[in-house]
Amino acid sequence: MIRKSTYTLLIILLVLLAVVIFLQRTPGMNNTSSPPTATQSPLVMDFTGKTVTSIFMSDDQGHVFKAILDNQGTWYVELPSGCLLVADKISSTLSFLRGYTVMVNLETPPALADVGLTRPTYKMELIFDDGSIQTMSVGSIVPTGSGYYVQVNKDPVIVVSTYSIDSLFELVSTACATPTPEATLTFTPDPSLLQTVEPTLSPVP
């Protein structure tokens, strides 16, 4: 005679077997979800495969900066006249620009006047070796102070970190804002070499 406990164990085993069969035959139950992967922020300006041959910057204070890459691969500062700047500074700045990423993509495009882009704080134009041109306009700082409103070409407005923009446009705002004045030679006569000329009085007839 089979005990009652034996029936109970058989029922439990049958239930477990039914659950296993159900899980095996149900689509998607066997697939283990992979952990989410971090998505990389899009680049502010993507000029992969191209070389910048000319850079022009300006700010709302009237400062301008223009540099051209010569045939020897050396940067030459054309504006402002007389500006002395290490060529490596320009190369390193453009190298950092290649890695600039978008801080925030705005869901609702703002009016350009509302974010300072009708009269930009900074403007930049890049000319590449294939003749193409890309522009960047920098408007006002976002309310949190963490970034600037930026428009590349005619693309939607984005937010780029304050540090990135300030570092980039240091070329026009500080490094070459005022050309170094050329030294002028002045001549100071030696007093010991000066002769005192005494007036000669002639008798009145």
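Fair warning: this is a prediction, and the values are worked out from it, not measured in the lab.

Conventions used here
- Residues numbered from 1 in each chain as written.
- Predicted model: local features only at pLDDT ≥ 70, side-chain atom pairs only at ≥ 80, totals over all residues.
- Heavy atoms only, no water.
- Phe/Tyr/Trp six-rings, centres within 6.5 Å; stacked < 30°, edge-to-face > 60°.
- Helix = DSSP H or I, 4+ residues; strand = E, 2+ residues; numbered from the N terminus.
- Buried < 20%, exposed > 50% of the residue type's maximum accessible area, 1.4 Å probe, protein only.

A. Representation of the packing of aromatic side chains in the model. One pass over the full model with this rule turns up three aromatic pairs. Plain terms: the ring middles of phenylalanine 47 and phenylalanine 128 are 5.3 Å apart, the flat faces sit at 45° to each other, and that makes the pair tilted. Of the two residues, phenylalanine 47 sits in the loop between helix H1 (4–25) and strand E1 (52–59) while phenylalanine 128 sits in strand E5 (residues 122–128), which places them 81 residues apart along the sequence. Across the pair, phenylalanine 128 and phenylalanine 47 agree in class, each one buried. For the ring pair tyrosine 122 and phenylalanine 169, a centre distance of 4.6 Å and an interplane angle of 15° mean the geometry is stacked. With tyrosine 122 in strand E5 and phenylalanine 169 in the loop between helix H3 (162–168) and helix H4 (170–175), this residue pair connects regions lying 47 residues apart in the sequence. Accessibility assignment for this pair places tyrosine 122 and phenylalanine 169 in one class, buried. By the ring-pair criterion, three or more aromatic residues cluster together here, those being Tyr122, Tyr148 and Phe169.

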